[in-house]
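Structural characterization, general
So you can see what is in the structure, the chains are spelled out below.
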Amino acid sequence: YVVAVTLRQSERNVIYGLRGFALFQQTFAVDIVTTYYRLLQRKDTVQNAYNNYMKLVKIRELLEAQFVAQRRPKFEVDQARQEELKGKSAYISSVEAFQTALDQFKITLGLPLGVELALDETVLDGLKQTGLLAVETTEDAAFAAAVEHKLDLLNEIDRFEDSKRKIVVAADRLKANLTFVSGVSLANDSVNYSKFDVGQYTANAGLRLDLPFDRLEERNFYRGTLIDFEQAIRSLALTLDTSRDAVRQGLRNLEQLQQNYAIQTNALVLADQRVDASSILLQAGRSQIRDQLEAQTAQVQAQNAVTQVLVDYLAARLKFLVDVGALR
């Protein structure tokens, strides 16, 4: 057993390295996917800003026509023009932010900045149609899955087992050693190698007993393994607590995002209704421009908020799958 421990430890070190690399692959993939969806979210923000700007242009044109017909005061036309300029500025800023994020994504992928990178917008459209994918599990079940499948947690558990085996090996070095020794030597230098003569050789055999009287180095090594074992216990306990905390926080975050998604979805429905109603009243000259502009602003904010919650939930769900070792 003691002799095989060294070979077994080398094999386990290889396994630890493989698990660490596999965990890096998972986290790297999640980071890339999350960044890609963030880019799609920014592009969606650009589209919403552009649509809002074009609607503000039409509102300004409508109010100018009503002003010529003496159905609107001059200050409302100026207010519409001011909002149009603000909408144009917001659109330009969103385009700039998207281009900056796109260039940073190219650098992350190791691509030259001059490369044209086209984003697949159908991915975000599919996410909007699918909605939030529920994570049906409990805290205890998720933590049990993490203990069984999470790669870095498995490494920590196995390293704790390694520290226990090292104590056994170190304790074995404190025992007495009984070694069988033997040897064969020539009787003299003038030996005829053409034939074998037993009388020309001298053989000896015996036992060598090494009593554990002087074991200072071995004793210090044994004490060191005990200290390492205590450290391994504390490290494992901390890792388990950290893993459970990540599971609990992940579940709370997912639940909060689900509630926020329902809120923002309802807010978007109400904003769309307000925009439709205020547009009809504005064309009929029965409402103030302020009502239309407020409804328009609320609609854009709700559209961006719904997309952001979708992407936030996707990122939180992927991270939770990594934390419980369930990402495939």
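This section reports on the structure supplied with the text. As the structure is a prediction and not an experimental result, all values here were calculated from the model.

What to know about the nonpolar core
- Core analysis: the largest hydrophobic core is formed by 29 residues, its most contacted members being Tyr37, Leu39, Leu40, Phe98, Leu119, Leu127 and Leu327.
- Among the secondary structure elements, those contributing two or more residues to this core are α1 (2-68), α2 (74-109), α3 (121-130), α6 (216-283) and α7 (289-323).
- In terms of residue count, the dominant contributor to this core is α7 (9 residues).
- With sequence-adjacent residues up to four places away left out, Leu327 is seen in contact with Gln26, Val30, Leu318, Leu321 and Val322.
- By size, the runner-up hydrophobic cluster in this structure holds 9 residues, among which are Leu257, Tyr313, Ala316 and Val324.

Comments concerning α2
- A rise of 1.5 Å per residue sets the reference length of α2, with its 36 residues, at 52 Å; its end C-alpha atoms lie 53 Å apart and thus fit the reference within 8%.
- Of all the residues in α2, the buried ones are Glu76, Val77, Ala80, Glu83, Glu84, Gly87, Ser94, Phe98, Ala101, Leu102, Phe105 and Lys106.
- Backbone geometry just after α2 places Gly110 at a positive phi near 75 degrees.

A few points about the packing of aromatic side chains
- Under the criterion given, the structure shown has 6 aromatic pairs.
- Judged by centre distance (6.3 Å) and plane angle (35 degrees), the ring pair of Phe21 and Phe24 falls under tilted. Pair noted here: Phe21 and Phe24 are both in helix α1, with a separation of 3 residues, about one helical turn.
- Given the relative accessible area of 47%, Phe24 is considered partly exposed.
- Ring pairs connect the aromatic residues Phe21, Phe24 and Phe28, which therefore count as one cluster.
- The ring of Tyr16 carries Arg159 above its face, with NZ or CZ at 4.8 Å from the centroid.

Here is what the cut-offs are and how they apply
Residues numbered from 1 in each chain as written. Predicted model: local features only at pLDDT ≥ 70, side-chain atom pairs only at ≥ 80, totals over all residues. Heavy atoms only, no water. Core = buried A, V, L, I, M, F, W, Y, C linked by side-chain atoms within 4.5 Å. Buried < 20%, exposed > 50% of the residue type's maximum accessible area, 1.4 Å probe, protein only. Helix = DSSP H or I, 4+ residues; strand = E, 2+ residues; numbered from the N terminus. Contact = heavy atoms within 4.5 Å. Expected span 1.5 Å × (residues − 1). Phe/Tyr/Trp six-rings, centres within 6.5 Å; stacked < 30°, edge-to-face > 60°. Lys NZ or Arg CZ within 6 Å of the ring centre and 35° of its normal.

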